[in-house]
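# Chain and residue survey
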Amino acid sequence: MSEPMLYVSNLCLAYSDSAVLNNINFTLQSGDIGCILGPSGCGKTTLLQAIAGFVQPKQGAINIDGRCVSDANHFISADKRGVGVVFQDFALFPHMTVQQNVEYGLQDLSKTDRKLIAKENIALVGLEKFANAYPHSLSGGQQQRVAIARAVAPKPKLLLLDEPFSSLDPELRERVAVEIRRIIKKLGITALLVTHDQNEAFAMADIIGIFAQGACQQWDNAYALYHKPASRFVANFIGESTFISGEMLYDSPNWYVNTQLGRFMLKASQNATVLANAVEGQGVEVLVRPDDITHEDASPLKATVIDKRFRGANILYRLALPNFDEQVLCLAPSHHDHELGESFGIRMSIQHVICFK
Amino acid sequence: MKATNWLTGTSLSITAVLVMPLCIVAFSLFSIDTQLWSHLLNTVFAEYVTNSLILAISVGLGSIVIGSYLAYIMVNYRFIGHRVLSWLILLPLAMPAYIIAYTYTGLLDFTGPVQSTLRQLFSLERGEYWFWDVRSLSGAIIMMILVFYPYVYILARTAFSEQSSSFEQVSALAKRTRWQHIRQVALPLARPAILTGASLAMMEALADYGTVAYFGVSTFSTGIFRTWFGMGDIQGAAQLSTVLCMFVLVLLVIEKRSRKDAQQYQTSLNKKLRAKKTSGVKGIVLCLLCLLPVLFGFVIPFTQLLIWSINYADIGDWPAFFDVVKNSFTLALMGAVIIVIIALIVSYAKRMQLNKIRTHNGLSDKFSPKSVSASERILSLGYALPGIVIAVGVLILSGWFDQNINRLTMTWFDYRPGLILSGGLGALLIAYSIRFVSVALQNTETGMARIPNKVDNAALSLQGSAWTMLRRIHIPMLSGSLISASLLVFVDILKELPATLVLRPFNFNTLAVRAFELASDERLIDAALPAISIVLVGLIPVILLTRQLNKLSA
C-alpha cells in the first residue's frame, strides 16, 4: 500500500486574528492527486500557502513525506519542504524565456544538468518548440504548462496547484485538467490542487476535500461525495439535488424512512449521524439525485413537469410529485420529450438513501 | 460634416505653426559657416559634447540609483514614517534645478554657514583647507540628481508595485535570497520603467540652462546662448541646437522603446504585493535611507530659501516684487489657456476624425485619415525639446515674420506695425506652446479615452452638431482633465527659464527670470523671494501627483 505523502492534523489558520480555517485534518496518499474544493473566500488558498510554507499556521501540524514541516515548535521554510507550486497567475517571469523560467528552480545543479533537466521537463509538457519563446507570446494553456514544467523540474515530493485553471477560457478548463492529470500521473508526483469548480475537481483529483465555513466538510472520492454526502452542505454543493420529507420507522433489525415515493431502508454505514439517536416517527429529509428518479411510463406514480432543461443526451425535468407539495429532479433520456404541465410515470431507483435531520 | 473639416484644418495648421521653428533650426544645417565651425571645433565644441554627455549620463545613473532604491523600499516595506515619506519623496520635483543650484551655492560658499562653521570648529583660515566647489560640473550633476530622481522613482514605484507577489514565492522556492531575487527578477522587470524615467531625467539635464550657466559649466545649452549673444551668430546657434536635438532624439528613442517593453512586462493577474512590516533598527535605517534624498533635494534648500526670504522681508522692495508676480501669473495664465485650448482642439479633432473613419470605414475627403493622430503624436514630443532650442527657432521665425509684415504694410499702407511677435508676448507664447502642449495633450487624451464612443453616437443621434457635442458633452466630461492640464502648464510656464530669458519683451520680468538674474549677480538673498514663490506654486501639482500615486498603490 502507498504511504501518506501529506498529513495535516488539527490545523488552524488565521489572518490577523480572524480565523480562516479551524481544525483541519486530512491525509493524501503518495501518488494521489488531492483537491481542496470550496467556494471563494473559504480559506483554501491560505491552506495551500500554509502547506507550501508561505503562511505560518496558528495551530496544528503539517507532515510532508513523514517529516514534520510545521507544528508548534518547527517551521521549515518553503525552500526546504520539497514542494513545487503552480501559481494562480502562473507567475512566469516575463523577462525570461521558457527555458530560463524552467531553469530558475534548478540552481543547485551544474549548468549542463540544468539545461538538460529543463529540456526534459519542457518536452514532458509538449513545448519543445517554444523553449526559446517568451511567456507573453504563448497562449494561456501553454503558459500554464510552462508553469507546471517549472514547478516539477526540481522533482518536488508534493506539487501544489492554486486555482490552476482560473486564468484559462472556461471551454478549455476541463480538457486541460485531464491533460495536466495525465502529466502528473506520468511523473508519479503527489499533487494537491485548490479550486472552486467541481468539474475541474472531478476531472483532476482522486480525492476531494469540501471546504466551507472554516472547516473541512468531507474528505472523500468523487463517488462518495456525490452519493454519500456527509452533510446537507456537501449534498447541495456537489451536483444537483432535491430533498423530500420522510418519517423514520423502525422495523427490526433495520431503520426505514417513509416518503411519498415509497419506503426505503437506511444503511447504517451511510447514515451514522441520523441513526445515532433516531426516534421512531421523527421527520427527516431524504436526498434525491436526478439520476435516482427514472422515467417509467408504466409506473403508477405520476409526476407533473414544471420546468425542463435540454442537455443533449438527457433532459433534466423538474417534477411536482402528486401532492404538489414536493419537487424532484429527473434526468430522463432525451427521447422522452414531455411538455410543461404534462405528467409521466416515474420510479424511485435509489441505491444510497441519505437522510438529514 | 463641416465642423470636422474645420477642426482637422485648425489642428493641422496649429501643428504646422508649432513645428516650423524646429524645421528652421534643422534647416540651418544647410548653410554651414565653415569659418565658425572650424573655430567651434578647434575650441569649445569638444567641451560642449563631453560636458553635456558627462552631465546627462551621470544625472541618468544617479537618478536610477536613488529613484530605484527609494521605489523598491517604499513598495516592499512598511516602516516608521512611511506615510509621511510617500508625501515627501516627490517634493524635489517642485524645486527647479537652477534654484537648488543657487541655494547650495549660498550654503556652501566661503561665507556660507557650512564653511563658516567648519572654520570655527577647526579654527582654520582662508586657504588653509580644501573645500568642494559646488560651482562645477560635479556640482551641477549632484544638483540635478537631487531634483530629477523623482522621474525614475515615480515610474519604478509603479513598476515594482505591479509585480505579482507570486514572483517572490517562486524565488523563495527556488532558494534565492532577497538580493538574488532583486537582481534576477525585480530589477530586470522594472528595467523598462527605470530606463524611461532615466531618459526623462537625462532630457531635463540636457535641456537645463540655468544651473550650468550659473555654475559656469560649458554645455550645449550655454554654448548655444554664447554663440548667439556672444558671437551674434544665430545660424551657428541653430546648428548647435540641431546637434543637441540629436542627443535628445537618442533619449527619446530609448524612452519610447522602454515604454513599449514595459507594457509587455505587465503581468496579467496583478496580485498586490504584501509589504513587509519592519520595526526597530532596520525600520529606522530604511526610514533614513528614504529621507536622505528629500532632505538634500528639498528640506535643506527650502529652509535656506525660507530664511533668506524672511531676512529679505524687512528690506524688500515689495511693489517691484508684486509687479513681477503679476507679470508671471498673467503670462502663465495666458499660456495655460491657449495651450489647453490647442490641446482640446487637437484631441477633439482626432476623436472626430477617428469617429468618421469608424463610420465610413476608411473614407477620406480632404485630409488623409488619421492625419490629426499624426500631428497629435508630433506635438506630444515637445517636452523633449530643450527650451533654448525652441527659443532659437522661435526667434528666427518671429524675426522673419515681423520683418516681412512690416515690409508688406509699408508698401501697401505706408505703415509699420512694429515687432508684432518678437516685440510682445507672441513669440514667448508660441515657444511655451511648443514645449508644453505635450503636457496638456497627455491630459486631454487620457480624458478623451475615458469617454466611450457610444457617448458620441448617442449625442450625435440626439442633436447633430459637433460643436454642441463638444460644448455640452465633452467639455463637461473633460473638466477634470482640463483643469489638471491648465494647472500643470501654468506651473511649468512659471518655472521655465531659458526660453523666457531669451524671448521676453524688453524690461518684462518674471519670477524665474528675476530669481536667475539676481542670483547671477550674487544677490542671493534678494533672489530668495521669487525663488520660493516658484517652489510654493510648484508644490501644487506635486501634491496632486502624490495623491494619485498613493491611490494607485493603496
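The sections below set out a description of the structure shown in this document. Because the structure is predicted, anything quoted here is derived from the model rather than measured. (Residues numbered from 1 in each chain as written. Chains lettered and ligands numbered in written order. Predicted model: local features only at pLDDT ≥ 70, side-chain atom pairs only at ≥ 80, totals over all residues. Heavy atoms only, no water.)

This part covers the overall build of chain B. Tallying secondary structure elements over chain B gives 22 helices and two strands in all. Dimensions of chain B, computed from the C-alpha atoms along their principal axes, are close to 75 × 60 × 50 Å. The 554 residues of chain B split such that 54% are buried. Across chain B, every contact between residues at least 6 apart in sequence was considered, and the portion connecting residues at least 24 apart equals 82%. Of the roughly 25200 Å² of accessible surface on chain B, 66% is carried by carbon and sulfur atoms. (Helix = DSSP H or I, 4+ residues; strand = E, 2+ residues; numbered from the N terminus. Buried < 20%, exposed > 50% of the residue type's maximum accessible area, 1.4 Å probe, protein only. Contact = heavy atoms within 4.5 Å. Areas by Shrake-Rupley, 256 points an atom, 1.4 Å probe, with all protein chains shown as cover.)

Turning our attention to the sheet that holds strand β18 (residues 327–333) of chain A. All names here are of chain A. With antiparallel pairing, five strands are arranged side by side in an open sheet as β15-β19-β16-β17-β18. Two strands bound the open sheet, and with one partner strand each, they are β15 (293–295) and β18. Neighbouring strand axes in the sheet, compared pairwise and without regard to direction, differ in orientation by 50 degrees on average. Bridge analysis of strand β17 (residues 314–320) against β18 gives seven bridges, and the strand direction is antiparallel. Bridging across to β18, A320 finds its partner in Q327. (Pairing = 2+ DSSP bridges. Axes fitted to C-alpha atoms, helices over the stretch in contact; angles between N-to-C directions.)

Residue and element names in this part refer to chain B. Listing the buried residues of helix α2 (residues 34–42) in full gives L36, W37 and L40. Buried residues of α2, viewed axially, fall in a sector of 95 degrees; they line one side. Opposite its buried face, α2 presents the exposed residues T34, Q35 and N42, each directed more than 90 degrees away. (Arc of directions from axis to C-beta.)

Moving on, we come to helix α7 (residues 137–161) of chain B. End to end, α7 of chain B covers 35 Å across 25 residues, agreeing with the expected 36 Å (1.5 Å per residue, within 8%). Of all the bends in α7 of chain B, the greatest reaches close to 45 degrees and is centred on L146 of chain B; the proline P150 of chain B follows between one and four positions later. (Expected span 1.5 Å × (residues − 1). Bend = angle between axes of the 7 residues up to and from the residue.)

With that settled, consider a nonpolar patch on the surface. All names here are of chain B. A contiguous nonpolar surface patch, about 520 Å² in accessible area, is contributed by L408, W412, F413 and Y415. Residue position: Y415 is located in the loop between α16 (387–413) and α17 (426–449). Residue Y415 is classed as partly exposed on the basis of its relative accessible area of 49%. (Patch = residues over 30% accessible without salt bridge, like charges linked within 9 Å, V, L, I, M, F, W, Y side chains within 5 Å. Salt bridge = Lys/Arg side-chain N within 4 Å of Asp/Glu carboxyl O.)

As a further point, take the interface of chain B and chain A. Tallying the contact residues gives 21 residues for chain B and 22 residues for chain A. With both chains or domains summed, chain B and chain A bury close to 2100 Å², and 61% of this area falls on carbon and sulfur atoms. Where chain B packs against chain A, one counts zero salt bridges. Across the chain B-chain A interface, the total number found is eight residue pairs in polar contact (both at pLDDT 80 or more). Mapped by element, the contributors of at least two residues to the side of chain B that touches chain A are α8 (165–173) and α9 (178–207) of chain B. (Buried area = accessible area lost by both parts, 1.4 Å probe. Polar contact = N/O pair within 3.5 Å; in protein donor to acceptor, adjacent residues only side chain to side chain.)

Moving on, we come to unusual backbone geometry. Peptide bonds are mostly trans, and most non-glycine residues show a negative phi. Here the amide bond leading from S252 of chain A into P253 of chain A is cis, since omega sits at 5 degrees, within 30 degrees of zero. Structurally, P253 of chain A is set in the loop between β11 (242–251) and β12 (254–259). Despite not being glycine, F90 of chain A shows a phi value in the positive range, around 70 degrees. For F90 of chain A, a relative accessible area of 4% corresponds to the buried category. Of note, S123 of chain B is a non-glycine position whose phi angle comes to about 40 degrees, a positive value.

Take the nonpolar core next. V59, F79, M95, I99, Y102, Y153 and L305 of chain B are the most contacted members of the largest nonpolar core, which has 174 residues in total. Here this core takes 16 residues from helix α14 (residues 318–360) of chain B, the largest share from any one element. Every residue in contact with L305 of chain B, bar those within four places of it in the chain, is listed here: M95, I99, Y102, T103, A528, A531, I532 and V535 of chain B. Membership of the second largest hydrophobic core comes to 48 residues, among which are V102, I183, I208 and Y226 of chain A. (Core = buried A, V, L, I, M, F, W, Y, C linked by side-chain atoms within 4.5 Å.)

Here we come to the packing of helix α19 (residues 466–495) of chain B against helix α22 (residues 524–552) of chain B. All names here are of chain B. One way to put it is that α19 packs onto α22 with a least axis distance of 10 Å and a crossing angle of 150 degrees. Between α19 and α22, the angle is such that the two are roughly antiparallel. The two elements α19 and α22 meet at a crossing, and its hand is left-handed. Between α19, through L487, L488, F490, V491, L494 and K495, and α22, the contact on the second element is made entirely by I534, V537, G538, I540, P541 and L544. The residue makeup of the contact of α19 with α22, split by class, is ten nonpolar, one polar and one charged. (Parallel < 35°, antiparallel > 145°, perpendicular 65-115°, else oblique. Left-handed = near helix turned anticlockwise from the far one by under 90°. Nonpolar A, V, L, I, M, F, W, Y, C, P; charged D, E, K, R; others polar.)

A few words now on the pairing of strand β7 (residues 158–162) of chain A. Side-chain positions along a regular strand alternate between the two faces of the sheet. All names here are of chain A. Here β7 lies mainly inside the structure; five of its five residues are buried. Residues L158, L160 and D162 line one face of β7 and the alternating positions L159 and L161 line the opposite face, and both faces are buried. Sheet topology note: the β7/strand β8 (residues 190–195) ladder contains five bridges and is parallel. Of the residues in β8, the one forming a bridge with L159 is A191. Crossover connection from β7 via helix α5 (residues 170–187) to parallel β8: handedness right-handed. (Right-handed = clockwise from strand over helix to strand, strands pointing away.)

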